[in-house]
Amino acid sequence: MKADNNDNPVEVFAGTPIDAGMIQSLLEQEGIEAFIENELMGSIAPWYVTPGGSGAAKVVVAGQDYEKALQIIGDYGQMGSPES
């Protein structure tokens, strides 16, 4: 998903409520305001939120923070990986 540079909310992550909470915290530590969509329903009844129940909790940021948020999430995903 490509975002334009404005304040419209854009999804940057979808996963379990626990993972979404960790991503939200990581982004907020870097100064990006983020919120979790479907956090409660993703825990109680994820199959009502998304088909198959996977990726029920979504982390959303302002469009202007989209690229920076993806970079932070990508860097976080690289942590712990052996370097080549």
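Here's what I pulled together on the structure shown here.

About the thresholds
Residues numbered from 1 in each chain as written. Predicted model: local features only at pLDDT ≥ 70, side-chain atom pairs only at ≥ 80, totals over all residues. Heavy atoms only, no water. Helix = DSSP H or I, 4+ residues; strand = E, 2+ residues; numbered from the N terminus. Buried < 20%, exposed > 50% of the residue type's maximum accessible area, 1.4 Å probe, protein only. Contact = heavy atoms within 4.5 Å. Areas by Shrake-Rupley, 256 points an atom, 1.4 Å probe, with all protein chains shown as cover. Expected span 1.5 Å × (residues − 1). Core = buried A, V, L, I, M, F, W, Y, C linked by side-chain atoms within 4.5 Å. Axes fitted to C-alpha atoms, helices over the stretch in contact; angles between N-to-C directions. Left-handed = near helix turned anticlockwise from the far one by under 90°. Nonpolar A, V, L, I, M, F, W, Y, C, P; charged D, E, K, R; others polar. Arc of directions from axis to C-beta.

**Describing the overall build of the chain**
If you tally the helices and strands in the chain, you get four helices and three strands. The secondary structure elements of the chain, listed N-terminal to C-terminal, are β-α-β-α-α-β-α. Across the 84 residues that make up the chain, the buried fraction comes to 36%. Within the chain, residue pairs in contact and separated by at least 24 positions form 68% of the contacts whose partners lie at least 6 positions apart. On the chain, roughly 5500 Å² of surface is accessible, and the fraction owed to carbon and sulfur atoms is 52%.

**Regarding helix 1 (residues 17-29)**
An ideal rise of 1.5 Å per residue puts 18 Å on 13 residues; helix 1 measures up with 18 Å between its terminal C-alpha atoms. Once helix 1 ends, the next one or two residues include Gly 31, with phi positive near 85°.

**Concerning the nonpolar core**
If you look at the biggest cluster of nonpolar residues, it comprises 16 residues, and the most contacted ones within it are Val 12, Leu 27, Ile 32, Val 59, Val 61 and Ala 69. Elements that contribute at least two residues to this core include exactly strand 1 (9-15), helix 1, strand 2 (34-37), strand 3 (57-62) and helix 4 (66-78). Other than its neighbours up to four places away in sequence, Val 12 contacts Leu 27, Val 59, Val 61, Tyr 66, Ala 69, Leu 70 and Ile 73.

**Regarding the packing of helix 1 against helix 4**
Axis separation between helix 1 and helix 4 bottoms out at 10 Å; the angle between their running directions is 120°. You can see that helix 1 and helix 4 cross each other, and the crossing is right-handed. Residues Met 22, Ile 23, Leu 26 and Leu 27 of helix 1 lie in contact with helix 4, whose contacting residues are Ala 69, Ile 72, Ile 73 and Tyr 76. Broken down by class, the residue content of the contact of helix 1 with helix 4 amounts to eight nonpolar, no polar and no charged.

**As for helix 4**
The first and last C-alpha atoms of helix 4 sit 18 Å apart over 13 residues, in line with the 18 Å expected at 1.5 Å per residue. All of the buried residues along helix 4 are Tyr 66, Ala 69, Ile 72 and Ile 73. Buried residues along helix 4 cover an arc of 130° about the axis, so they all sit on one side. The exposed set on the far side of helix 4, more than 90 degrees from its buried face, consists of Glu 67 and Gln 78. As for helix 4, its buried residues are in contact with strand 1, helix 1 and strand 3.

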